[in-house]
Amino acid sequence: MAWPIAEVARMSGVTARTLRHYDEIGLLPPAWIGTGGHRYYEQRQLLRLQQILVLRALGLGLPEIDRILAAQVDELQALRGHHRRLLAERDRLNALAGTVARTITELEQSRKDGTDMITISRPENLFEGIGPARCMKVLHDFPDLVGAIEQHTSAWTEAEIEADERERTAQMIRLAELLATGKPANADEVQAEIDTQYRTLARIRAATAEEYRAIGRTCVENEHWHAAYESIAPGLATYQRAAIEAYAATRLH
């Protein structure tokens, strides 16, 4: 049985334009092309489309998906692997949801008490479930940087993960204090904090100016990072991005 492109688009929620793009780049050719250039898809193509959509949902870019699908041999084994990834992502999102819920509770309580800032009883909570390597999946254009970070953090113990979460939250609080005092993003004190962050990253791998700017953009564009920053102070994500932009422009080449 074969389905025309319009029907596949309806079933999958993927636009016909996207399906044509997948064909043009060789990621998902149709089973055959009929009269008038109409594309038709059979069961094997639908299974491949399912795998593409799963990997996209996990944050992978099209080039990486193409490499994964080209390397796999057994479809059942591949689906089991995708299933494991989805379960891991579910667990991560559950942990993140718990983190955000705790922060909401703290914010609500602080407003009832009439205080200006939340009291963070466990600073690492703000970044629980928001591992750096996972959030950097959006940096698919910089696989060397992401690979180095993932390799470095994959061997961390539970204690090392907690220490990293506490330190990242402490860095954000220090930056939030500078934001509250009205310091511009390119101020010396702000740039000193960004330099500390950069040197921490450089212990794993020194980022280029382009890579570091991309990391700055994720503070605003990645929903998990953005939520964590805004939990500390409204506008902090944008402030962090601007500070990184200034740092990359003046200190990285």
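Right above here is the structure, for reference.
Residues numbered from 1 in each chain as written. Predicted model: local features only at pLDDT ≥ 70, side-chain atom pairs only at ≥ 80, totals over all residues. Heavy atoms only, no water.

Here we look at the overall build of the protein
Within the protein one finds 12 helices and three strands. Within the protein, the proportion of its 253 residues that are buried is 39%. A total accessible area of about 14300 Å² is found for the protein, and carbon and sulfur atoms account for 52% of it. (Helix = DSSP H or I, 4+ residues; strand = E, 2+ residues; numbered from the N terminus. Buried < 20%, exposed > 50% of the residue type's maximum accessible area, 1.4 Å probe, protein only. Areas by Shrake-Rupley, 256 points an atom, 1.4 Å probe, with all protein chains shown as cover.)

Points about the nonpolar core
Core analysis: the largest hydrophobic core is formed by 32 residues, its most contacted members being Tyr212, Tyr229 and Leu236. If you list the elements that add at least two residues to this core, you get helix 7 (143–153), helix 8 (158–180), helix 9 (188–202), helix 10 (209–221), helix 11 (223–232) and helix 12 (236–251). Among the elements that make up this core, the one with the highest residue count is helix 12 (seven residues). Look past the residues within four positions of Leu236 in its chain and what remains in contact with it is Met172, Leu175, Ala176, Leu179, Tyr229 and Glu230. Core analysis: the second largest hydrophobic core is formed by 19 residues, Ala9, Tyr41, Leu58 and Leu69 among them. (Core = buried A, V, L, I, M, F, W, Y, C linked by side-chain atoms within 4.5 Å. Contact = heavy atoms within 4.5 Å.)

With respect to the side chain of Arg39
Take Arg39: it is sitting in strand 3 (residues 39–41). For Arg39, the side chain forms a polar contact with the side chain of Asp23, separated by 2.7 Å. The contact partners of Arg39, leaving out residues within four places of it in the chain, are Trp3, Pro4, Ile5, Arg20, Asp23, Pro30, Trp32 and Ile33. (Polar contact = N/O pair within 3.5 Å; in protein donor to acceptor, adjacent residues only side chain to side chain.)

A few points about helix 10
When the terminal C-alpha atoms of helix 10 are compared, their 18 Å separation across 13 residues agrees well with the 18 Å that a helix rising 1.5 Å per residue should span. Considered for burial, the residues of helix 10 that qualify are Ala209, Glu211, Tyr212, Ala214, Ile215, Gly216, Thr218 and Cys219. In this fold, the buried residues of helix 10 make contact with helix 7, helix 9, helix 11 and helix 12. (Expected span 1.5 Å × (residues − 1).)

Side note on the packing of helix 10 against helix 11
Orientation of helix 10 relative to helix 11, taken along the N-to-C sense of each, is 75 degrees, at an axis distance of 6 Å. The orientation of helix 10 relative to helix 11 falls into the category roughly perpendicular. In contact with Thr218, Cys219, Val220 and Glu221 of helix 10, helix 11 contributes Glu223, Trp225, His226 and Tyr229. When grouped by side-chain class, the residues that make up the contact of helix 10 with helix 11 number four nonpolar, two polar and two charged. (Axes fitted to C-alpha atoms, helices over the stretch in contact; angles between N-to-C directions. Parallel < 35°, antiparallel > 145°, perpendicular 65-115°, else oblique. Nonpolar A, V, L, I, M, F, W, Y, C, P; charged D, E, K, R; others polar.)

Comments concerning the pattern of salt bridges
According to the stated counting rule, one finds eight salt bridges in the structure shown. In this structure, Glu189 engages Lys183 in a salt bridge whose closest nitrogen and oxygen atoms are separated by 3.0 Å. Judged by relative accessible area, Lys183 falls into the partly exposed class, the value being 31%. Arg213 is paired through a salt bridge with Glu245; the nearest N and O atoms lie 3.4 Å apart. Placement of Arg213 in helix 10 and of Glu245 in helix 12 is noted, with a sequence separation of 32 residues between them. The partly exposed category is assigned to Glu245, whose relative accessible area is 29%. (Salt bridge = Lys/Arg side-chain N within 4 Å of Asp/Glu carboxyl O.)

Structural notes on the packing of aromatic side chains
Per the counting criterion, the structure on display carries four aromatic pairs. An angle of 75 degrees between the planes, with centres 5.0 Å apart, marks the rings of Tyr198 and Tyr212 as edge-to-face. Of this pair, Tyr198 sits in helix 9 while Tyr212 sits in helix 10, placing them 14 residues apart in sequence. On the numbers, 5.9 Å between centres and 70 degrees between planes, the contact of Tyr212 with Tyr247 is edge-to-face. Placement of Tyr212 in helix 10 and of Tyr247 in helix 12 is noted, with a sequence separation of 35 residues between them. (Phe/Tyr/Trp six-rings, centres within 6.5 Å; stacked < 30°, edge-to-face > 60°.)

Focus on the sheet that holds strand 2 (residues 32–33)
Across the sheet, which stays open at both edges, the three strands sit in the order 1-3-2 with antiparallel pairing between neighbours. Strand pairing shows two members of the sheet lacking a second neighbour, strand 1 (3–4) and strand 2, which therefore form its edges. Bridge count between strand 2 and strand 3: two bridges; the pairing is antiparallel. Residue Trp32 lies in a different strand from strand 3, and its bridge partner there is Tyr40. (Pairing = 2+ DSSP bridges.)

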